[in-house]
Amino acid sequence: MRVLERKGVRSVAALGAAALLAVGLVGCSSDSDSGTESGTEAAATRTFEAQNGSIEIPADPQRIVACGYATLPLIQAGANLAAVCEWSRELDNMDEETLAAYEALPKVAPDGAVSEINYEAVTAADPDLIIMGVPARVKEQVDTAKLEALAPVVFLGLTVPGEWRELGEQYAEAANVSDSYGEFKDEYEARAAEIADKYADKLGDLKFAGVCSVCGTEPGEFSREYASSYTTNLFDDLGFDFPGEPADPADVHAEYLSVEQLPENLGDADVIVYGVEADGSLTPELEELFASPLWQELPAVKAGNLVAVKHSSAATYETALLALDSIDAELEKLPANQNPE
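**Q** Please give an account of the overall build of the protein that cites residues and values.
**A** Check the secondary structure of the protein and you find 12 helices and 14 strands. Looking at the protein residue by residue over its 341 residues, the buried ones come to 54%. Sequence separation of 24 or more characterises 67% of the internal contacts of the protein that already satisfy a separation of 6 or more. About 14,400 Å² of surface is accessible on the protein, with carbon and sulfur atoms providing 47% of the total.

**Q** I'd like a rundown of the state of the cysteines, residues and numbers included.
**A** Here the structure, examined in full by the defined rule, presents two disulfides. Note on cysteine connectivity: C67 is disulfide-linked to C85, with sulfurs 2.0 Å apart. In this structure, the disulfide formed by C67 and C85 twists by about 55° around the S-S bond and is classed as right-handed. Residue C67 is located in strand β6 (residues 64-68), and its partner C85 is located in the loop between β7 (81-84) and α2 (96-104); the two are separated by 18 residues in the primary sequence. In this pair, the class of C67 matches that of C85, namely buried. The disulfide that involves C212 links it to C215, with 2.0 Å between the sulfurs. Between C212 and C215, the disulfide has an S-S torsion of 80° and is therefore right-handed.

**Q** Give me the packing of aromatic side chains: which residues, what numbers.
**A** Using the criterion set out here, one finds 12 aromatic pairs in the structure. Ring geometry for W164 and Y317: centres 5.2 Å apart, planes at 70°, overall edge-to-face. Here the residue W164 occupies a position in helix α5 (residues 164-174), and Y317 occupies one in helix α11 (residues 317-332), the gap between them amounting to 153 residues. Taking relative accessible area as the criterion, W164 reaches 2% and is therefore assigned buried. On the basis of relative accessible area, Y317 is assigned to the buried category, the value being 6%. A ring pair is formed by Y188 and Y317, whose centres lie 5.3 Å apart and whose planes are at 55°; its orientation type is tilted.

**Q** So what about the nonpolar core? Which residues, and what values?
**A** L74, L81, I131, Y171, F235, F240 and L331 are the most contacted members of the largest nonpolar core, which totals 64 residues. Looking at this core element by element, the count peaks at seven residues for α11. Ranked by size, the runner-up nonpolar core spans 22 residues in total, among them A82, A109, V114 and A125.

**Q** Run through empty space enclosed by the protein, naming residues and quoting values.
**A** For the structure shown, the criterion picks out four cavities of 30 Å³ or more. Empty space within the second largest cavity amounts to approximately 70 Å³. For the second largest cavity, the lining is made up of 12 residues, of which Y69, Y230, S313, A314 and A315 are closest to its centre. Here the residues of the lining of the second largest cavity are counted per class, giving seven nonpolar, three polar and two charged.

**Q** So, the layout of surface pockets: which residues are in play, and what are the values?
**A** Roughly 280 Å³ of volume is contained in the largest pocket. Contributing to the lining of the largest pocket are 17 residues, with I75, Q76, A77, T98 and E318 lying nearest its centre. If you list the elements that add at least two residues to the lining of the largest pocket, you get α1 (71-76), α2 and α11. Taken together, the residues of the lining of the largest pocket sort by class into seven nonpolar, six polar and four charged.

**Q** Go over unusual backbone geometry, please, and point to the residues and values.
**A** Phi is positive for D126, close to 50°, though the residue is something other than glycine. Relative to the helices and strands, D126 is located in the loop between α3 (119-124) and β8 (129-133). Of note in the backbone geometry, N176 takes a positive phi value of approximately 65° without being a glycine. Turning to its location among the elements, N176 is positioned in the loop between α5 and α6 (185-203).

**Q** Please provide a residue-by-residue account of the sheet that holds β6, values included.
**A** Reading across the sheet, the four strands line up as β7-β6-β8-β9 and stay open at both edges, with parallel pairing between neighbours. A single partner strand is all that each edge strand has here, and the edge strands are β7 and β9 (153-155). Ignoring which end each strand starts from, the neighbouring axes of this sheet average 20° apart. Examined bridge by bridge, β6 and β7 share three bridges and lie parallel to one another. Looking at β7, one finds that I64 is bridged to L81.

What counts and what doesn't
Residues numbered from 1 in each chain as written. Predicted model: local features only at pLDDT ≥ 70, side-chain atom pairs only at ≥ 80, totals over all residues. Heavy atoms only, no water. Helix = DSSP H or I, 4+ residues; strand = E, 2+ residues; numbered from the N terminus. Buried < 20%, exposed > 50% of the residue type's maximum accessible area, 1.4 Å probe, protein only. Contact = heavy atoms within 4.5 Å. Areas by Shrake-Rupley, 256 points an atom, 1.4 Å probe, with all protein chains shown as cover. Disulfide = S-S within 2.5 Å. Phe/Tyr/Trp six-rings, centres within 6.5 Å; stacked < 30°, edge-to-face > 60°. Core = buried A, V, L, I, M, F, W, Y, C linked by side-chain atoms within 4.5 Å. 1 Å grid on protein atoms, 1.4 Å probe; cavity = no way out; pocket = protein on both sides within 12 Å on 5 of 7 lines; lining within 4 Å. Points joined across faces, edges and corners; volume = space filled by probe spheres on them. Nonpolar A, V, L, I, M, F, W, Y, C, P; charged D, E, K, R; others polar. Pairing = 2+ DSSP bridges. Axes fitted to C-alpha atoms, helices over the stretch in contact; angles between N-to-C directions.

None of this, on its own, says anything about what the molecule does.
Written out as structure tokens, the structure reads:
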């Protein structure tokens, strides 16, 4: 089994890889503070239940280092960040204010490459809390002991990409910014419900499948996405069916396959979804895949039942709204939506 990688892509730059995920999520914090009665609130602590155990953390952390999926939601929520790992994959999803805040922060590791974390840069950030939101499967690539020598470490890694919804709230809770996190949650849920209702009758019984556009495939292969994967997770709240699972259960939500396996793997899909750049252009690996005669002969392709999702790297409620708008526009023009029979 080869570990699935997703590469964040902006313009022509291929930016880091995010490893496939594997361990369950569990984090939430208690409401109790354990600071001394005479201590200031800044010195008070509380117990937070993370995937790496019960961690004593500052009640109101002032210098947070955040990595992985914790980076963008904590910027959006206005957490007290001292440094972050790169989150290049969503540069095109950020508004001007968020982008400026992101660019102003020191970076301690490339996007999707936590094994390359710069421990000296983390030390220089002088953190009082470190929140690791990297995929659970790559936890072993982090020298946790080095980080724990600097500050309490909260590890909250995803099993599947769709868990950004639940874990985003936990990142905010650990950072003590729950009140300002989730500003766009209600709007997102309302928009998702609107789209689900709009297409339930015409598309609700169809079989959907996903193809990863930036997963670092080798020549002659493609990456099949199942439910709640990188792009398909954006359909999690829309009521569509993404059946199937990887042959190797360890792959969880996506797998690498040979192009020769296209007919047997995607031949029964009614609709195929994939990510595209913010300007609608294809990534090089999709261009190669789409040039294959086997791809062109797939029933969904011949029927034109393809959904090209812009902002497909979205992993917060705010940025996922951009993706939902793209999905709605694509579903609207599907031949299957016009002629369900």
